[in-house]
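Residues per chain are reported as follows:
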Amino acid sequence: MSAPLLPIVKLAASPANKEAAIRLAGQLLLEAGCIEAAYLDSFFAREAMADTYLGSGVAIPHGTVQDRALVRKTGVAVLQVPDGLTWNAGQTVRLVVAIAAQSDEHIDLLRRLTRLMRDEVRLAALCTTGNAADIVAALTDQTASVPQPAMSSDQTADAANSFTLVIDYPSGLHARPAASWVTTAKRFKSTILIRNAEEAADAKSLVGLLSLGIKAGHTIRVTAEGEDAAVALEAIKKTIVELHAEEVAQAQAQAQLASRKTGTGWVPQQACDAIRGVAASPGLTIGVTRQHVAQALIVADTPLGVEADGVLLDAALLAVKSELEALAASTAKRLGEAQAAIFHAQTELLTDPALLRKAITSIFGGHGAAWSWQQAYGAQAEQLAAHPDPLLAARAADLRDIGQRVLRQMLGVDASSEAFAQGTILLAEDLLPSDTVGLDPRQVVGLATAVGGPTSHTAILARTLGMPALVAGGPALKEIPDGTLVILDGHAGCLYLNPSEADLQSAQAAAERESQKREEAAAVRDLPAVTVDGFSVEIAANITSSQQAIAALEAGAEGVGLMRTEFLFMDRQTPPDEEEQYQTYRTLVGILAGRPLIIRTLDIGGDKDVPYLNLSKEDNPFLGVRGLRLLLRRPELLHTQLRALYRAAQHGPLSIIFPMVTDVAEVIRVREIAEAVRLEVGAPVVPLGIMVEVPSVAVMAEAFAPHVDFFSIGTNDLTQYTLAVDRQHAELAPMANSLHPAVLQLIASTVKGAKKHGTWVGVCGGLAGDPLGAAILTGLGVNELSMTASDVPGVKATLRGGSYAQMQVLAQQALACSSINEVKALGSAA
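Now for a quick tour of the structure. All values derive from a computational prediction rather than experimental measurement. (Residues numbered from 1 in each chain as written. Predicted model: local features only at pLDDT ≥ 70, side-chain atom pairs only at ≥ 80, totals over all residues. Heavy atoms only, no water.)

## Concerning a nonpolar patch on the surface
Turning to step 1, where the next piece is worked out: A cluster of nonpolar side chains, namely Val 306, Ile 360 and Phe 364, defines an oily patch on the protein surface of about 290 Å² accessible area.
Turning to step 2, where the next piece is worked out: Summarising the element assignment, Val 306 is placed in helix α10 (residues 306-335).
Turning to step 3, where the next piece is worked out: Taking the relative accessible area as the measure of exposure, Val 306 reaches 38% and is therefore partly exposed. (Patch = residues over 30% accessible without salt bridge, like charges linked within 9 Å, V, L, I, M, F, W, Y side chains within 5 Å. Areas by Shrake-Rupley, 256 points an atom, 1.4 Å probe, with all protein chains shown as cover. Salt bridge = Lys/Arg side-chain N within 4 Å of Asp/Glu carboxyl O. Helix = DSSP H or I, 4+ residues; strand = E, 2+ residues; numbered from the N terminus. Buried < 20%, exposed > 50% of the residue type's maximum accessible area, 1.4 Å probe, protein only.)

## Details of helix α29 (residues 792-800)
Turning to step 1, where the next piece is worked out: Here α29 has its buried residues at Val 792, Pro 793, Val 795, Lys 796, Leu 799 and Arg 800. Down the axis, α29 shows its buried residues gathered within 165° of arc, on one side only.
Turning to step 2, where the next piece is worked out: The elements touched by buried residues of α29 are α18 (501-523), β18 (529-530), β19 (536-543), α28 (771-780), β26 (784-787) and α30 (804-815). (Arc of directions from axis to C-beta. Contact = heavy atoms within 4.5 Å.)

## A few points about the nonpolar core
Turning to step 1, where the next piece is worked out: Among the nonpolar cores identified, the biggest contains 102 residues, and Tyr 646, Phe 711, Ile 776 and Leu 785 are the most heavily contacted of them.
Turning to step 2, where the next piece is worked out: Per-element tally for this core: the top contributor is helix α22 (residues 635-649), with eight residues.
Turning to step 3, where the next piece is worked out: Setting aside anything within four residues of it in sequence, one finds Ile 776 in contact with Leu 739, Leu 744, Leu 810, Ala 811, Ala 814 and Val 823.
Turning to step 4, where the next piece is worked out: In this structure, Leu 313, Leu 350, Ala 369 and Val 437 belong to the second largest nonpolar core, which totals 31 residues. (Core = buried A, V, L, I, M, F, W, Y, C linked by side-chain atoms within 4.5 Å.)

## A short note on the side chain of Asp 489
Turning to step 1, where the next piece is worked out: Checked against the element boundaries, Asp 489 lands in strand β16 (residues 485-489).
Turning to step 2, where the next piece is worked out: For Asp 489, a relative accessible area of 0% puts it in the buried group.
Turning to step 3, where the next piece is worked out: In terms of polar contacts, Asp 489 uses its side chain to reach the backbone amide nitrogen of Ala 492, at 3.3 Å. (Polar contact = N/O pair within 3.5 Å; in protein donor to acceptor, adjacent residues only side chain to side chain.)

## Remarks on unusual backbone geometry
Turning to step 1, where the next piece is worked out: Look at Ala 12: it is not a glycine, yet its phi comes out positive at around 50°.
Turning to step 2, where the next piece is worked out: Accessibility expressed as a relative area gives 56% for Ala 12, which makes it exposed.

## A closer look at helix α15 (residues 396-411)
An α-helical turn contains 3.6 residues, so any two residues separated by three or four positions project in the same direction.
Turning to step 1, where the next piece is worked out: Here α15 contains 16 residues, and its C-alpha end-to-end distance of 22 Å stays within 8% of the 22 Å for a straight helix at 1.5 Å per residue.
Turning to step 2, where the next piece is worked out: Burial analysis of α15 places twelve of its 16 residues in the buried class, the great majority of the element.
Turning to step 3, where the next piece is worked out: Phi for Gly 412, located one or two positions after α15, is positive at around 70°. (Expected span 1.5 Å × (residues − 1).)

## A closer look at the packing of helix α26 (residues 715-723) against helix α27 (residues 741-755)
Turning to step 1, where the next piece is worked out: Two numbers describe how α26 lies on α27: the axes approach to 10 Å, and their chain directions differ by 120°. Here α26 is positioned oblique relative to α27, judged by the angle of their axes. Handedness of the α26/α27 crossing: right-handed. In this structure, α26 uses Thr 715, Leu 718, Thr 719, Thr 722 and Leu 723 to contact α27, whose residues at the interface are Ala 742, Val 743, Leu 746 and Ile 747.
Turning to step 2, where the next piece is worked out: Grouping the amino acids of the contact of α26 with α27 by side-chain chemistry returns six nonpolar, three polar and no charged. (Axes fitted to C-alpha atoms, helices over the stretch in contact; angles between N-to-C directions. Parallel < 35°, antiparallel > 145°, perpendicular 65-115°, else oblique. Left-handed = near helix turned anticlockwise from the far one by under 90°. Nonpolar A, V, L, I, M, F, W, Y, C, P; charged D, E, K, R; others polar.)

Everything listed here is a matter of coordinates, which is why it stays silent on function.
What follows is the structure, given as structure tokens:
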């Protein structure tokens, strides 16, 4: 018999609420080395899925099976809350027993715990004892027992009303499958008993079942007595067997997930501390940490007078404009025009009317220029950072960047500069674009920030510089001492602290292999994506500007699968007129030189701050008037944009796509409008398509297909709407994964409906740029994949290295999965 699991006990705890209790118990497990910090979030993920109140004043918070890889060793932490704590409505908890289990080592403890719940006197004593040893003894006592339900002679003798079964749930009988047993048993009037060795329990009692301590490999005997005994036995046997298959499948998926490969195929083999964030720039690198200290600018409100302060601000703005123009020029030479555009855009921010108006108003109110400017850009940056659109939220860093430049000019302070040793991995709360672009990749080999997102300009620059990076690593990142040896996995968004020598060596070898593969992929980036058995997929890029179009072609893209036009309408006081739009679209037609170019009409709603549109504030703008819904209500916007597009089409091929479509009638109406504009301009016929972002369109693709020339599936929004998850929600964002089988089934439905009418299908969401996602999408039969330019060489290489037949099998396997992790596991097994 194995040694009992010794719980960690904290007496007389007084957490403010349920969340605080879970965090405190989780912290005990973390400090004991049982879990990684990320597992704390898993406790709350479980709470969102199920009620962990066991009964009799006891709760058993525990993580999800998907996160078992974050459990270093099985552990149990017990919080004694003598005054009681509201768990859920009507539930008062005095013992919080938090469990982190690698497999089924905790089953014996659960059995003792559920037995205790039937010993009310002893349980009450444990809730108030001042001796932690009492709780430890109660949960580790091998001999403690309570009376068990007796089996009648009829039950033991009548084999027709019983069966035996070997339980092979890899994690034993835990709360989730036990609850299913109980649900089934309660459908029948008969008494149903489950016996494990010499102990038996009522199948209608969750506590009783858990008290049996059923582990993988145990043989149970199930008996029933009553008028519907035979039917009840058949039903509960069916439940047990079906759950058996589900439990095994979950365990297999988890095992594969725990050892899943990153982009390099590398995973650490020995336990070490790790910080998990969001992947921002791919790559694997080893280095020594260095904390970045942002330059502190102390600004006193010392007015010089309205005229003098006005001159001071104006001079600073002109000086910074020159700085940014020089920085853009040097960036263009070093990294390319697409990256230089970041600083061209910052130049435009300097003349933002709202920003200048706020600063000038403050100066006229009697405040100093520097103080007024700091207040103005600070407030606007905070507003941007809180925006639900990640692209707009990421622009807060750009505003802070130019804001500080102007401040330094007015204060007469030079920008601080840092020297870095070779092999530095730079850690920071956040990095400004100008901080990042000045880094030397020969010295700084990786970046990790506590905040930020993968769409920030800092992340974009890191990818261009070839620096592995993670963002949103959390406050723990700032506590890492300088000089700490780390491995940074930019594919997985993970920073491993003080790894073993063996892991250092294996990571170095993996990084070298990755570098070689990257060079090989870049060398053949212009080759088409044709599988080994001859199936061809178009590979295109998503862009927002002509500079990005140039960069996309240089990366090997065969065209533009999505040109977002909303950026033409942002950060200005009036909408772009027809001529401005026409010049932009014509420039793109020239750059593409006959290659495919899909331009999306304005996709804006109440979530975006566009004052001149006077959009109504909506409680849920993502389900409100946006995309085509808005354009049909604002015909002047639609008419102007269509005229500009059709004029550009006179100079070369382009296609027009309409966003946020939900009804066939909308498509018919907008096609009528487009045809009228085409005739008005005298332009050639161009393909007209729709975005598949709403589940209703995917389900009814066959009905939409006769009315469109092509579909483009926006997997980001389709995922958000299908799973009812806001992909910008801090806690729920990880759930918004386009590999979810429900999303894949909707994509498959779209392709199937389209093919019945010979309609072309592309995919322009994030899933297209993921190697596993690209393989599944190809297997589903899409015609084109459009992605971020930096993903193009790798996806092309992935598709060229596989067969279409294999990808078709992979796609069908993915459609048959029941969870995201099962789909991910297919990639690990491939």
